[in-house]
Amino acid sequence: MTLLIFLMFITESATEKLCPLRTSIDVLEGEYFFLCFPESMLRPETEGYTINWYKENAGRQKLIQKTQRIISQMNFLEFWPAELSDSGNYSVTHSNGRQNFTIQKWTLNVLERNKSSCFNKNHLTTEIQNAGTGHSLKCSDLSVNENDSVTWYKDCKNYENETERELDFKTLTVQHSGIYTCKILISHNGRIYHSTSTIKLVVEEDAPEAVTLEIVGRDEEIETEIGKEEILNCTGFLGYDMQEDANLYWLINETFPEKCSDIPKNDPLICEEELKKLHLGNKFYFTRLLRIKKVRDEDLHHNFTCKLQADEATKIKIVKLKKENTRDLPVHLFATGMILAVLLPCFLIAMTVVCVMFRVDLVLLYRNICRRDDTAGVANKTKIGDFFPDGKEYDAFVSYLKDCASTSEEEREFALKILPMILEENFGYKLCIFERDVSPGGAVVDDIHSFIDKSRRLIIVLSQNYISDTAIYELESGLHKALVERKTKIILIEYMPISDYSFLPESLSLLPSKRVVKWKKDKSLPMNSRFWKNLRYLMPAKPTKSNTKGHCNNLGLGSYGTQPWIGGCDCNAVI
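Predicted model, so just to flag it, every value in this text is computed and none were measured.

Cut-off values and rules
Residues numbered from 1 in each chain as written. Predicted model: local features only at pLDDT ≥ 70, side-chain atom pairs only at ≥ 80, totals over all residues. Heavy atoms only, no water. 1 Å grid on protein atoms, 1.4 Å probe; cavity = no way out; pocket = protein on both sides within 12 Å on 5 of 7 lines; lining within 4 Å. Points joined across faces, edges and corners; volume = space filled by probe spheres on them. Helix = DSSP H or I, 4+ residues; strand = E, 2+ residues; numbered from the N terminus. Buried < 20%, exposed > 50% of the residue type's maximum accessible area, 1.4 Å probe, protein only. Arc of directions from axis to C-beta. Contact = heavy atoms within 4.5 Å. Polar contact = N/O pair within 3.5 Å; in protein donor to acceptor, adjacent residues only side chain to side chain. Axes fitted to C-alpha atoms, helices over the stretch in contact; angles between N-to-C directions. Parallel < 35°, antiparallel > 145°, perpendicular 65-115°, else oblique. Nonpolar A, V, L, I, M, F, W, Y, C, P; charged D, E, K, R; others polar. Pairing = 2+ DSSP bridges. Phe/Tyr/Trp six-rings, centres within 6.5 Å; stacked < 30°, edge-to-face > 60°. Patch = residues over 30% accessible without salt bridge, like charges linked within 9 Å, V, L, I, M, F, W, Y side chains within 5 Å. Areas by Shrake-Rupley, 256 points an atom, 1.4 Å probe, with all protein chains shown as cover. Salt bridge = Lys/Arg side-chain N within 4 Å of Asp/Glu carboxyl O. Expected span 1.5 Å × (residues − 1). Bend = angle between axes of the 7 residues up to and from the residue. Disulfide = S-S within 2.5 Å. Left-handed = near helix turned anticlockwise from the far one by under 90°.

Asker: Quick question: what am I supposed to make of empty space enclosed by the protein here?
Answerer: Space left empty within the atom packing is revealed by a probe, the size of a water molecule, rolled over the atoms. Enumeration over the complete set of coordinates arrives at two cavities of 30 Å³ or more. A volume near 50 Å³ is recorded for the largest cavity. Ranked by residue count, the leading element in the lining of the largest cavity is helix α3 (residues 359–370), at three residues. Quantified by volume, the second largest cavity comes out at close to 30 Å³. Contributing to the lining of the second largest cavity are Thr23, Lys105, Phe256, Pro257, Lys259 and Glu272.

Next up, the structure:
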């Protein structure tokens, strides 16, 4: 009984040794080979279970049927021998009739045999050793039968009739460098099959110092968020020579993840990308990525293990995911942000109100600072020695009631004295006043039309008594130029309060209300009053004279420049 237990222990240990967990395997065509997994990977509940081997075909798992060449028995899948068509992805499952559990997956690459050589350069391992040291080369472990014939070759020539599983060198010399091939002959069903392993031995006088196998980086916890994509990277350092039997792979709670495909949208939530080999300087690395499309709650409880295996040595690295800690804003930053969020709209509203209320003052200030002058410059030449900007000779034509009735004397005084005194003498504008600037003897209608056309603005001193034959023509001519020709802008001065505008033409209602300025007698007399500011705002831009006085309370009626021409006074006369 004790002997039986010992033999079972030996068999299990051999199986563990023969079945490394590497997932990508290269084998030569025409040679015996097998896939296997350690029995320790089976689940403990073994009653009523079956082991099934599968090969991927056109994206589907196809159950492998037993043939004379391919034999599956429990944890072994044997090839007598391997053929090129055997290349592909293999997997083995443990089933109890209700559920299938994947035990392990492999990618098998069957390499074409080199007919001109005893080995394939893509199917060898490299070992670098120091001269003067002892070393041994080990043959393949594919055969456990000690009676199987073993032959060693160096550079494809029989080597000193060596027939042992290990080729020992007591003292290495540079001459020992070469390519050694171990060939094992295996008998099966009356036929002889063989299995080879090839090692490139490099003996150097000053070989690189021995480097242990290691995974770059330590165990780590990665902060993440639910639904976020994560890519886990694992890189293994192999040393100063590429170890062909080395492998690097991921496990999720000791379970192999699925492979990523060439079409990302068809990939599972968690998949493993292909192994990549890196050669940086004289150092060799393996690297493999584990892609997590969307992190789930259950992923926060998984252990994502990276394993690096070579020469029966194993290194692991464990990566865990955890929820990212959301950091609250400091109290002072939050308070500052809230204050700014409240004050900024209030500030903008206040600035808007100020701009609306003091629009006129701001525009006049801007004109004065910039010294803007819409009446300056050289334009069309109308007379020899006279140059007028934009072809206009006057800044405004003044239209007012010209009847001699006593009720209109105040309006005539306002038009003939107050307007010129303020606008011309203090602000530098040039007005066209019919009684003052038009020589007698011409056709009145033609003269009015001509002088309105030469003016940039038409100022209408409007009152209940305004409408007369002459005034109505001036108004209609100005409205035509303002609304139809768009050559002249109209400014209405409401000299006296008007309650009913029905006596005026309907087209006057089309003018913007902001172009109406109201005269409030004594309140409007000072030059810094709202009346004069609004009037200047509607007039063409012109810099303020430096000698402008602040008030004009005592307006004399004496001489103030060119005297108005009054050729008789008839209440119904047309000037």
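Moving on from the model shown.
Asker: Would you mind showing me how to read helix α8 (residues 530–538) here?
Answerer: Buried within α8 we find Phe531, Trp532, Leu535, Arg536 and Leu538. The arc that holds every buried residue of α8, seen down its axis, measures 160 degrees, which confines them to one face. Check the buried side of α8 and you find it contacts α3, α4 (409–426), β30 (455–462), β31 (489–494) and β32 (516–518).

Asker: What is the right way to read the side chain of Gln309 from this model?
Answerer: Its place among the elements puts Gln309 in strand β24 (residues 304–310). Judged by its relative accessible area of 13%, Gln309 is buried. A polar side-chain atom of Gln309 sits 3.4 Å from a polar atom in the side chain of Thr314.

Asker: Hey, could you run me through the packing of α4 against α8 in this one?
Answerer: If you want to describe how two helices pack, look at the angle between their axes and the distance between the axes. Where α4 meets α8, the axes come as close as 12 Å, and the angle between the chain directions of the two elements is 80 degrees. Taken together, the axes of α4 and α8 lie roughly perpendicular to each other. Taken together, the residues of α8 that come into contact with α4 (itself represented by Phe414, Ile418, Leu419, Ile422 and Leu423) are Phe531, Trp532 and Leu535. The residue makeup of the contact of α4 with α8, split by class, is eight nonpolar, no polar and no charged.

Asker: What is the right way to look at the sheet that holds strand β5 (residues 70–73) in this model?
Answerer: Reading across from one edge, β2-β6-β5 is the order of the three strands in this open sheet, with antiparallel pairing throughout. One side of each edge strand has no neighbouring strand; the edge strands of this open sheet are β2 (33–36) and β5. The mean inter-strand angle of the sheet, taken between neighbouring strand axes irrespective of direction, is 15 degrees. One ladder, built from four bridges, connects β2 with strand β6 (residues 76–79); its direction is antiparallel. Bridging from a neighbouring strand, Cys36 pairs with Phe76 of β6.

Asker: How should I be thinking about the packing of aromatic side chains in this particular structure?
Answerer: When we look at a pair of aromatic rings, we describe it by the centre distance and by the angle of the planes. Across all of its chains, the model carries 20 aromatic pairs by this definition. Judged by centre distance (6.0 Å) and plane angle (90 degrees), the ring pair of Phe79 and Tyr90 falls under edge-to-face. Linking Phe79 in strand β6 with Tyr90 in strand β7 (residues 88–95), this pair joins segments that are eleven residues apart in sequence. Neither Phe79 nor Tyr90 differs from the other in exposure class; each is buried.

Asker: Explain a nonpolar patch on the surface here, please?
Answerer: Residues Ile349, Val353, Val354, Met357, Phe358 and Leu362 make up a contiguous nonpolar surface patch of roughly 540 Å² in combined accessible area. Mapped onto the secondary structure, Val353 falls in helix α2 (residues 331–357). By relative accessible area, Val353 is classed as partly exposed at 40%.

Asker: Could you clarify how one ought to interpret α4 in this entry?
Answerer: Side chains of residues three or four places apart in an α-helix project in the same direction, reflecting 3.6 residues per turn. Along its 18 residues, α4 runs 24 Å from first to last C-alpha, staying within 8% of the 26 Å computed at 1.5 Å per residue. The sharpest bend along α4 reaches about 40 degrees and sits at Pro420. Buried residues dominate α4, accounting for 14 of its 18 residues. In the stretch just after α4, Gly428 is the one whose phi turns positive, near 80 degrees.

Asker: Sorry, what's going on with the state of the cysteines here?
Answerer: The bond known as a disulfide is covalent and runs between the sulfur atoms of two cysteines. Counting across every chain of the model gives four disulfides. Sulfur-sulfur distance for the disulfide between Cys139 and Cys182 comes to 1.5 Å. The S-S bond linking Cys139 to Cys182 shows a torsion near -75 degrees; that makes this disulfide left-handed. Here Cys139 is found in the loop between β10 (135–138) and β11 (149–154), whereas its partner Cys182 is found in strand β14 (residues 178–188), with 43 residues between them in sequence. Assigned by exposure class, Cys139 and Cys182 land together as buried.

Asker: Would you mind showing me how to read the packing of α3 against α8 here?
Answerer: For the pair α3 and α8, interaxial distance at closest approach is 10 Å and the crossing angle is 60 degrees. By the angle class used here, α3 and α8 are oblique. α8 is crossed by α3, and the crossing has left-handed handedness. Residues Arg359, Val360, Asp361, Val363, Leu364 and Arg367 of α3 form the contact with α8, whose participating residues are Arg530, Lys533, Asn534, Arg536 and Tyr537. When the residues that make up the contact of α3 with α8 are grouped by side-chain class, the tally is four nonpolar, one polar and six charged.

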